[in-house]
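Each chain, letter by letter, is given below.
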Amino acid sequence: MKLLPALLSLALSASSLEAGLLAYYSFDGDFNDASGNANHLSITEGLPTITTTAGNFIAGGGALDTASTISDRAFLALTNPITFADTDAWSIAFWARRRAGSDIRQGMVIGDTENNIDFIWLSDNPTQVQGVRFRSTDNNNFNFDVGADDGEWHHWALVADGTGNLTAYRDNIALGTSTSSTPFSVRNVAHGYNTDIHSMNGQIDEL
């Protein structure tokens, strides 16, 4: 499977007439949605910025930077939250890098800050998962381990097939497939939990 470096898309079921890109954030100077759907991001809390420092972004001219501490959340909200039903096929992909010295719990990429479900988390917690954890709207955890975080840029993709299967990829290498159920709500970027201790401390690009 060839993974695109910029994709937040919903592929509807076979009975649907269309499917397509729902949102695309390049972070090349602003927080706008470049998909044509005008689902722009706005700052909700803290001071997320666009970094143009060489090495701090992957493509284009910049990346989202959230220099969060463990008690200082910095995140954004979608104009219109995106909700996937359990029977929807969808994929979410992004580049990300955790900042050296970030807390083991930090690494939330997207989700919903109004609850403790609905998130994609690049966890470096050796007692839970070191890799990526997806938690669905119905509170199912999908864990994909890759080992301790190395502080480097990696491309991540999660693909749900609409029948309960979720496959995770890092740098175009499949990490495995887990089966349960995959409904999901995306309300926020750079955070996805209703406490301060789970935040993003680093950069996200080409979401």
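Because the structure is a prediction, the values reported are computed rather than measured.

(A) Summary view of the pairing of strand S11 (residues 129-135). Of all seven residues in S11, seven are buried, a share of seventy percent or more. Strand direction decides the pairing type here: strand S9 (residues 119-121) and S11, joined by three bridges, are antiparallel. Each residue of the ladder has a partner; that of Ile120, found in S11, is Phe134. As paired strands, strand S10 (residues 124-125) and S11 are joined by two bridges and run antiparallel to one another. Bridge pairing links Asp124 to Gln130 in S11.

(B) Structural context of the side chain of Ser136. One can find Ser136 in the loop between S11 and strand S12 (141-145). Of the residues examined, Ser136 reaches a relative accessible area of 0% and is grouped as buried. Here the side chain of Ser136 touches Asp138 through a polar contact of 2.4 Å, side chain to side chain. Excluding anything up to four places from it in sequence, Ser136 contacts Ile117, Asp118, Ser181, Thr182 and Pro183.

(C) Quick look at the nonpolar core. By size, the foremost hydrophobic cluster in this structure holds 35 residues, and its most contacted members are Ile92, Phe94, Val189 and Ile204. For this core, the secondary-structure elements that each account for two or more residues are strand S6 (75-84), strand S7 (89-98), strand S8 (108-111), S11, S12, strand S13 (154-160), strand S14 (165-170) and strand S16 (184-189). Broken down by element, this core gets its largest block of residues, five residues, from S6. Not counting residues within four places of it along the chain, the set of residues in contact with Val189 comprises Phe27, Leu41, Leu64, Phe75, Leu76, Leu78, Val109, Ile110, Ile204 and Leu207.

(D) Spatial organisation of unusual backbone geometry. A positive phi is found at Phe27, a non-glycine position, where the angle reads about 55°. Its place among the elements puts Phe27 in the loop between strand S2 (20-23) and strand S3 (41-45). Residue class for Phe27 comes out buried when judged on its relative accessible area of 1%.

(E) How the structure looks around the environment of Arg170. Relative to the helices and strands, Arg170 is located in strand S14. For Arg170, a relative accessible area of 21% gives the class partly exposed. Taking the C-alpha atoms as reference points, Arg170 and Asn140, separated by 30 residues in sequence, lie 21 Å from one another. Engagement of the side chain of Arg170 in a polar contact is seen with the side chain of His154, the distance being 3.4 Å.

Calculation notes
The numbering scheme is per chain: residues are counted from 1 as the chain's sequence reads. Totals for whole chains, interfaces and linings use every residue, but because this is a predicted model, local features are given only for residues with pLDDT of at least 70 and side-chain atom pairs only at 80 or more, for both listing and counting. Computation of side-chain values: all heavy atoms of the structure, hydrogens and water removed. Burial classification: accessible surface area is computed with a 1.4 Å probe over protein chains only, and a residue below 20% of its type maximum counts as buried, one above 50% as exposed, and the rest as partly exposed. Only DSSP runs of H or I with at least four residues qualify as helices, and only runs of E with at least two residues qualify as strands; both kinds are numbered from the N terminus onward. The criterion for strand pairing is that DSSP finds at least two bridges linking the strands in question. As used in this structure description, the phrase polar contact means that two N or O atoms lie within 3.5 Å; if the pair is within protein, one of them must be able to donate a hydrogen and the other to accept it, and residues adjacent in sequence are counted only when both atoms belong to side chains. Two residues qualify as a contact provided that any one of their heavy atoms is within 4.5 Å of a heavy atom in the partner residue. In these notes, a set of buried Ala, Val, Leu, Ile, Met, Phe, Trp, Tyr and Cys residues joined through side-chain atoms within 4.5 Å is what counts as a nonpolar core.

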